[in-house]
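Secondary and tertiary structure notes
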Amino acid sequence: MAKTLIFGHKNPDTDTICSAIAYADLKTKLGQDVEAVRLGDVNGETQFALDKFQAAAPRLVETVANEAETVILVDHNERQQSASDIEKVRVVEVIDHHRIANFETAHPLYYRCEPVGCTATILNKLYKENGIAIEPNVAGLMLSAIVSDSLLFKSPTCTPEDVAAARELAAIAGVDADVYGLDMLKAGADLSQKTIAQLISLDAKEFSMGGSKVEIAQVNAVDVNDVLSRQAEVEAALNQIIADKGLDLFVFVVTDILNNDSVALALGSKASAVEAAYGVKLDANKAVLKGVVSRKSQIVPVLTETLGK
């Protein structure tokens, strides 16, 4: 049987990369022929985790059908977020923690989606269910994924299951979750050397919302002004993407990891949806979203409801 590729979404974040590595490790230990790959560049935060736990980044691929007949998706299910030729391969498994949208298959599959803060939390269960011990370096990567997705347990998406899994994994990895986690987040929040193109694509996802085509990008920062001081350049780049992709709305979210607020920069014909969704007024195309840190639970569902009206 040919090798099965395991990968997360485009513009991969720490959960996508680390969960692909971890699930490939588990599958390999169960005797299956799999390989973790990635659909984009590794960001600074993820590279910090890979370096810390001495792991190599998965191989970069542009397409998957040219080298595999079957694939496993982690940390996503929506087709526009996946490989460009995803319709040409058979999806045999999905391990995810997001909404389910734009997804269907011709064959039955194993689908594991739970309302937790991170894919790695689900993988922690799968290791236990299969009676496989997690090696320290893999545990460290899984911990990194949970810290990233939960903003060190401060995100509203974080559940007691995520915290418990993180503590277990930290013990296996031999690190202090809080100390290591803050160091990792700060590494990811260093945006000083990022180009405008990198900033707006580091963690960007496309969504269909009530007939509208929306893209939401998010970056973490210690000081949001590090990004907002370049607003004119950011807007020019976003307007070009809106034109190229035919988007109705692009929301660029800059999240302050220290005070857990965000600033949203909204452009496109449906930009007013941000005002309606959050009861704010866009000033120079931006607004502060108090207490908003999670795209998954505080942005996507709110905008989906607003644009669906």
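Refer to the structure presented above.
Residues numbered from 1 in each chain as written. Predicted model: local features only at pLDDT ≥ 70, side-chain atom pairs only at ≥ 80, totals over all residues. Heavy atoms only, no water.

1. Re the packing of helix 1 (residues 14-29) against helix 2 (residues 44-52)
Definition in use: With axes taken as lines fitted to C-alpha atoms, and helix axes fitted only over the stretch in contact, angles between N-to-C directions fall between 0 and 180 degrees. Only DSSP runs of H or I with at least four residues qualify as helices, and only runs of E with at least two residues qualify as strands; both kinds are numbered from the N terminus onward. Contacts are assigned to residue pairs with any non-hydrogen atoms lying within 4.5 Å of each other. Under this grouping Gly is polar, as are all residues other than the nonpolar Ala, Val, Leu, Ile, Met, Phe, Trp, Tyr, Cys and Pro and the charged Asp, Glu, Lys and Arg.
Helix 2 packs onto helix 1 with a crossing angle of 35° between their chain directions and a minimal axis gap of 9 Å. Residues Thr-14, Ile-17 and Ile-21 of helix 1 touch helix 2, and the partners they reach there are Glu-45, Thr-46 and Leu-50. Of the residues in the contact of helix 1 with helix 2, the class split is 3 nonpolar, 2 polar and 1 charged.

2. Some details on the pattern of salt bridges
This is how it is decided: Any carboxyl oxygen of Asp or Glu within 4 Å of a side-chain nitrogen of Lys or Arg constitutes a salt bridge here. Burial here depends on accessible area, computed with a 1.4 Å probe over protein chains only, as a share of the maximum for the residue type. Under 20% is buried, over 50% is exposed, and the range in between is partly exposed.
If you walk through the whole model with that rule in mind, you get 18 salt bridges. A salt bridge links Asp-25 to Lys-29; the nearest nitrogen and oxygen atoms lie 2.6 Å apart. Residue Asp-25 and its partner Lys-29 are located together in helix 1, separated by 4 residues, close to a single helical turn. The partner of Lys-290 in a salt bridge is Asp-261, and the shortest N-O contact between them spans 2.8 Å. Highlighted residues: Lys-290 in the loop between strand 11 (286-289) and helix 11 (295-307) and Asp-261 in strand 10 (residues 261-267), separated in sequence by 29 residues. For Asp-261, a relative accessible area of 14% corresponds to the buried category.

3. Some details on the packing of aromatic side chains
Rules: Pairing of aromatic rings covers Phe, Tyr and Trp, the last through its six-membered ring, and needs centres within 6.5 Å; plane angles under 30 degrees mean stacked, over 60 mean edge-to-face, and all others mean tilted.
Following the criterion strictly, the structure yields 3 aromatic pairs and no others. Aromatic side chains Phe-48 and Tyr-180 sit 6.0 Å apart centroid to centroid with 25° between the ring planes, which places their arrangement in the stacked category. Taken as a pair, Phe-48 in helix 2 and Tyr-180 in helix 6 (residues 177-188) lie far apart in primary sequence, 132 residues in all. Judged by relative accessible area, which is 29%, Phe-48 ranks as partly exposed. On the basis of relative accessibility, which here comes to 5%, the residue Tyr-180 falls in the buried class.

4. Some remarks on the nonpolar core
Using the following cut-off: To define a nonpolar core, start from buried Ala, Val, Leu, Ile, Met, Phe, Trp, Tyr and Cys residues and group those joined through side-chain atoms within 4.5 Å.
Core analysis: the largest hydrophobic core is formed by 51 residues, its most contacted members being Ile-6, Tyr-23, Met-142, Leu-143 and Ile-146. Every element with two or more residues in this core is listed here: helix 1, strand 2 (34-38), helix 2, strand 4 (70-74), helix 3 (119-129), helix 4 (136-150), helix 5 (160-173) and helix 6. The residues touching Ile-6, leaving out its near neighbours within four places in the chain, are Ala-20, Tyr-23, Ala-24, Lys-27, Val-34, Glu-35, Ala-36, Val-37, Ile-72 and Val-74. With 23 residues, the next largest nonpolar core counts Leu-199, Ile-200, Ala-217 and Val-227 among its residues.

5. With respect to the environment of Pro-12
Residue placement: Pro-12 occurs in the loop between strand 1 (4-7) and helix 1. The exposure class of Pro-12 is buried, given its relative accessible area of 0%. Expressed as a C-alpha distance, the spacing of Pro-12 and Leu-39, which sit 27 residues apart in the sequence, is 6.8 Å. The contact partners of Pro-12, leaving out residues within four places of it in the chain, are Ile-17, Leu-39, Gly-40, Asp-41, Asn-43 and Leu-202.

6. What to know about the state of the cysteines
Threshold: We call a pair of cysteine sulfur atoms a disulfide when they lie within 2.5 Å.
A complete count under the given rule lists 0 disulfides for this structure. Left unpaired, Cys-113 is separated from the closest cysteine sulfur, that of Cys-118, by 13 Å. Cys-118 provides the cysteine sulfur closest to Cys-158, a residue in no disulfide bond, and the two sulfurs are 9.4 Å apart.

7. Some thoughts on the packing of helix 4 against helix 5
The line we're drawing: For a crossing to be left-handed, the near helix must be turned anticlockwise from the far one by less than a right angle; the clockwise case is right-handed.
Where helix 4 meets helix 5, the closest approach of the two axes is 8 Å, and the angle between their N-to-C directions is 145°. Helix 4 and helix 5 meet at a crossing whose hand is left-handed. Two secondary-structure elements touch here, helix 4 through Pro-136, Ala-139, Gly-140, Met-142, Leu-143 and Ile-146 and helix 5 through Asp-162, Ala-165, Ala-166, Leu-169, Ala-170, Ile-172 and Ala-173. Class assignment for the residues of the contact of helix 4 with helix 5 results in 11 nonpolar, 1 polar and 1 charged.

8. Some words on the environment of Met-209
One can find Met-209 in strand 7 (residues 204-209). Under the relative-accessibility criterion, Met-209 is labelled buried at 0%. Sequence separation between Met-209 and Ser-272 is 63 residues; the distance between their C-alpha atoms is 14 Å.

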